[in-house]
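Examining the three-dimensional arrangement
Here is what each chain is made of, one letter per residue.
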Amino acid sequence: MRKTLWIVSMLIVASLVLAACGGAPASTGVEPVTVVETVIVEVPGETIITQPQGYGTILARVKERGKLVCGGRTDLLGFGYLDDNGNNVGFDTDLCRAVAAAVLGDPTAVEFVPLTAADRGPALQTGEVDLLSRNVTWNSKRDAEWGNFTVTMFYDGQTFIVGSDSGINTLKDMDGATVCVTTGTTTEKNLASAFADAGLTYEAVTFEDTASVYSAYDEGRCDVATSDASQLAAIRVGLQDPAAHKLLGFTISKEYLTPAVPAGDDQWFDLVKTVMWSLITAEEFGITSANVEEMKSSQNGDVRALLGVEGDWGYTQLGVDASALANAITAVGNYGEIYNRYFGADGVFVLDRGPNNLGINGGWLVAPAIK
Amino acid sequence: MIVKPNTQSPPDPPGPVAWLIKNLFSNWFNSLLTLISLSIIYFAAASVLSWVFTTADWRPVVGAPLLYLIGQYPRDQMWRPGLSLWLIMFLIGMSWGVWEKYVKAFAIFLAILLGIFAIVPLETATITLGVRAAFLINPVLIYLGYLIGKNKIVNGQHVITLWIFVSSLIVLVLLPGFEGIPFLPKVETTVWGGLLVTLLLAVGGIVLSFPIGVLLALGRRSSLPVVKIFSILFIEVIRGVPLITILFMFSIILALFLPAESRIDRVLRALIGMTVFSAAYMAENVRGGLQSIPPGQIEAARAIGLNNFQTMVLIVLPQALRAVIPSIVGQFISLFKDTTLVVIVGINDLLGIGKSILGSDPEFVRLQAEMYIFIALIFWVFSYFMSQASLKLEKTLGVGVR
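Keep in mind the model is a prediction, meaning the values are calculated, not measured. (Residues numbered from 1 in each chain as written. Chains lettered and ligands numbered in written order. Predicted model: local features only at pLDDT ≥ 70, side-chain atom pairs only at ≥ 80, totals over all residues. Heavy atoms only, no water.)

So, the domain arrangement of chain A
All names here are of chain A.
- The domain boundaries assigned to chain A delineate domain 1 (49-155 + 257-361) and domain 2 (158-253).
- The C-alpha-based centres of domain 1 and domain 2 are spaced at 32 Å.
- At the junction of the two partners, domain 1 supplies seven residues and domain 2 supplies six residues.
- Counting the surface lost from both domain 1 and domain 2, the interface buries some 450 Å², and carbon and sulfur atoms represent 78% of this.
- Taken together, the connections running from domain 1 to domain 2 amount to zero salt bridges. (Domains from an automatic or database assignment. Contact = heavy atoms within 4.5 Å. Buried area = accessible area lost by both parts, 1.4 Å probe. Salt bridge = Lys/Arg side-chain N within 4 Å of Asp/Glu carboxyl O.)

Let's talk about the pattern of salt bridges
- A complete count under the given rule lists 20 salt bridges over all chains for this structure.
- Between A:Lys67 and B:Glu188 there is a salt bridge, and its shortest N-O distance comes to 3.4 Å. Residue A:Lys67 is found in the loop between helix H2 (57-65) and strand S3 (68-72), and its partner B:Glu188 is found in the loop between helix H8 (156-174) and helix H9 (194-220); the two belong to separate chains.
- For B:Glu188, a relative accessible area of 19% translates into the label buried.
- A salt bridge links B:Glu284 to B:Arg239; the nearest nitrogen and oxygen atoms lie 3.9 Å apart. Within this pair, whereas B:Glu284 is found in helix H12 (residues 266-291), its partner B:Arg239 is found in helix H10 (residues 225-239), the two being separated by 45 residues in sequence.
- Judged by its relative accessible area of 14%, B:Glu284 is buried.
- Because the salt bridges share partners, they merge into one network encompassing B:Arg220, B:Glu236, B:Arg239, B:Glu284 and B:Arg287. (Helix = DSSP H or I, 4+ residues; strand = E, 2+ residues; numbered from the N terminus. Buried < 20%, exposed > 50% of the residue type's maximum accessible area, 1.4 Å probe, protein only.)

As for the confidence of the model for chain B
- With 96% of its residues at a pLDDT of 70 or more, chain B has an overall mean of 89.
- In the model output, the complex is listed with pTM 0.85 alongside ipTM 0.84. (pLDDT = per-residue confidence, 0-100.)

Thoughts on the state of the cysteines
Residue and element names in this part refer to chain A.
- What the rule picks out here adds up to two disulfides over all chains.
- What pairs with Cys70 in a disulfide is Cys96, and their sulfur atoms sit 1.7 Å apart. A residue pair is termed long-range when its members are at least 10 positions apart, and Cys70 in strand S3 and Cys96 in helix H3 (residues 91-104) qualify at 26 residues.
- Overall, the relative accessible area of 0% leaves Cys70 in the buried class.
- Overall, the relative accessible area of 1% leaves Cys96 in the buried class.
- Indicated for chain A is the disulfide connectivity 1-2, 3-4, based on numbering the bonded cysteines in sequence order. (Disulfide = S-S within 2.5 Å.)

Section: the packing of H9(B) against H10(B)
All names here are of chain B.
- Across the interface, H9 lies against H10 with an axial gap of 7 Å and an inter-helix angle of 125°. Relative to H10, H9 is oriented oblique. In terms of crossing hand, the pair formed by H9 and H10 is left-handed. In this structure, H9 uses Leu216, Gly219 and Arg220 to contact H10, whose residues at the interface are Val227, Lys228, Phe230, Ser231, Ile232, Phe234, Ile235 and Glu236.
- Across the contact of H9 with H10, the residue classes tally to six nonpolar, two polar and three charged. (Axes fitted to C-alpha atoms, helices over the stretch in contact; angles between N-to-C directions. Parallel < 35°, antiparallel > 145°, perpendicular 65-115°, else oblique. Left-handed = near helix turned anticlockwise from the far one by under 90°. Nonpolar A, V, L, I, M, F, W, Y, C, P; charged D, E, K, R; others polar.)

A word on the packing of helix H9 (residues 266-285) of chain A against helix H14 (residues 335-343) of chain A
Residue and element names in this part refer to chain A.
- Two numbers describe how H9 lies on H14: the axes approach to 7 Å, and their chain directions differ by 95°. On the basis of their axis angle, the class for H9 and H14 is roughly perpendicular. Listed contacts from H14 to Leu279, Ile280 and Glu283 of H9 are Tyr335, Gly336 and Ile338.

Looking at a nonpolar patch on the surface
Residues and elements named next belong to chain B.
- On the surface, Trp19, Leu20, Phe25, Leu35, Leu38 and Ile41 cluster together into a nonpolar patch covering about 590 Å² of accessible area.
- Among the elements of the structure, helix H1 (16-23) and helix H2 (28-55) are those that each provide at least two residues to the nonpolar patch.
- Top contributing element to the nonpolar patch by residue count: H2, with three residues.
- Tracing the sequence through the fold places Leu20 in helix H1.
- Residue classification places Leu20 among the partly exposed positions, given a relative accessible area of 37%. (Patch = residues over 30% accessible without salt bridge, like charges linked within 9 Å, V, L, I, M, F, W, Y side chains within 5 Å. Areas by Shrake-Rupley, 256 points an atom, 1.4 Å probe, with all protein chains shown as cover.)

Quick word on the interface of chain A and chain B
- Facing the 44 residues of chain A at the interface are 38 residues of chain B.
- When the two sides are added together, the surface that chain A and chain B hide from each other amounts to roughly 3,500 Å², 61% of it contributed by carbon and sulfur.
- By the criterion of area lost to chain B, the three top residues of chain A are A:Leu82, A:Thr126 and A:Glu128, representing 15% of everything that side buries.
- At the boundary of chain A with chain B, the tally comes to four salt bridges.
- We note a salt bridge from B:Arg266 to A:Glu128, for which the minimum N-O separation is 2.7 Å.
- Looking at the side of chain A that touches chain B, the elements with two or more residues in it are helix H1 (2-28), strand S4 (75-76), strand S5 (80-82), strand S7 (110-114), helix H4 (120-125), helix H7 (210-218) and helix H8 (229-238) of chain A.
- When residues of the side of chain A that touches chain B are assigned to their parent elements, the largest contribution, six residues, is made by H1(A).

Laid out in structure tokens, this is it:
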């Protein structure tokens, strides 16, 4: 009898615990992806705009926390790595700092969460990070599943590294070549389809990890090695004789590296896009981290609008200060400054700007007018 | 009359030449084997040594010692891990004084290592004179702790209490800090890294999984069906799943079910995962010990009027745990090494920091062998001292001897 009572009481306790656990998430009700109700956002002097639930939640969260949570890397040279003192630096890292400077006025108000390839998607889906700036290639599936991809800030693509005197310049020149490649990656798939499309043959020498690929290439065990252009440029510096190797000038895949934000908050999505555009636009207008104050009194109305001294570039709706974009540019510089910091002549490795040049200079970087 | 003793002293031990002839060159075949083995050893040693001292480029190892130790912990808050190290070294010194034989080798080794680290010239600007001075205090603290620990007034219970108090203080107060306190600002665990996180996960996992494991083992043998079924389910489910899956489960899937606000700290998630995993194995180890206790022990305990709880705590568990010390220590060592798996959930432990250091300079990409060897060495040292301490503990407790 006592035993039965005991079991019954245990079951009651267990069910209470379960009920409590089940109730908790529902009562807080902050899942960023549900679009069921609408909230009304009043914009002074304008008509009332209805916005889906979720609108503005991330900005409110970031401001309350006083810190931007940014998903990144600590182990990718040039994009996201550590300096000697353990500070996060790199191209992707600077994009996070630009957003933090725009929203909070402080480029150091960032908490970097190191993410692996496996958990970057879930980190965005769950809203654990406010911004994912981790060398992520934008593709339609990820866009559908993970969140919203903002503005492509780095056009990368798979290419080849070959000996400077090998006489290889096109895909055709590589017919029958041995190619060093990491196994089981999209890199290997791209290689196979590129050669199959061109009706060429090759002999693959595969390795589990990237470092082995490059040491094998360095030792001359294969004619060419293949990976993303940015990675090959970094690797070239570490080869025994960097000058004896060159990158080919074409790509066989689209790796459009794009910062992404969680789904369900259009305000945050727009805000991050605008910050990215402002970095590109600043380079077009010649606004640098050094001359922002000076440019505020520029003759050009578009420059004054961008820097927030005239008109409204959308900041009222986006919930930030008029000087938000000016702060971002002051903190990290314009796109060209960021690029050159890591991939220019004084950067960690040199990579020709190619497609990552402004549209007006023949590259692919464009931004709508900020006004 | 004095009788001259008839006994002869035993023959002198053979000289080195005689020993060589007897053991290595007794016939032509053994001589040949000896020569071949010697040449293999010679060439292996020569190539390893020449690699270590000439070919190998140790820049990724010596260039960023602070990164290996504390990861990205803010450099303006370095006094906090520094003070933690002092406290721990003092306690290790005290433990050396109290449990002389188990801790002595480790304490002396640490004292020498930290002393060397303080004075060895490294080509890096991150190790300032202040850092060196702070490190130089560690051996002094170990010795001071030893002198105090040797004192008869101090016993093991005092030291254990101090360990619990000090380590909770370090992990809960000193290192994380608090929001809004100026002299102890909050430091998110996302910037903790290196050896700090590795030790935190290992020691945290070991300390937390032990009591849970014992409870699960008792639960599995319990006569209460709910407790029994829960324990069996827990143990069998966790043991049937690889650690890597559990880490993924806790760091990714769990987050999908929780609201965005209730962000559980990543290091904590990994710690929970490791604890849960280790507890299930611990439970099976302890159960083995429990089964080895003859029923007569329990009957005898009942006969002298002990209740269930007393029987368990005073009679059964001490014997059961004693019997399974080797497997428990083995479990701890493997947990310690398994902490490297947290790299895959984005925590910069010792291995993760090593990988990050390789990514900080294009010339380091070729130097991964050096980094991995260095990290393997660190793990070996800790594991070695753990297994040595366990061997001595077994001898003292007479495990396997009746």
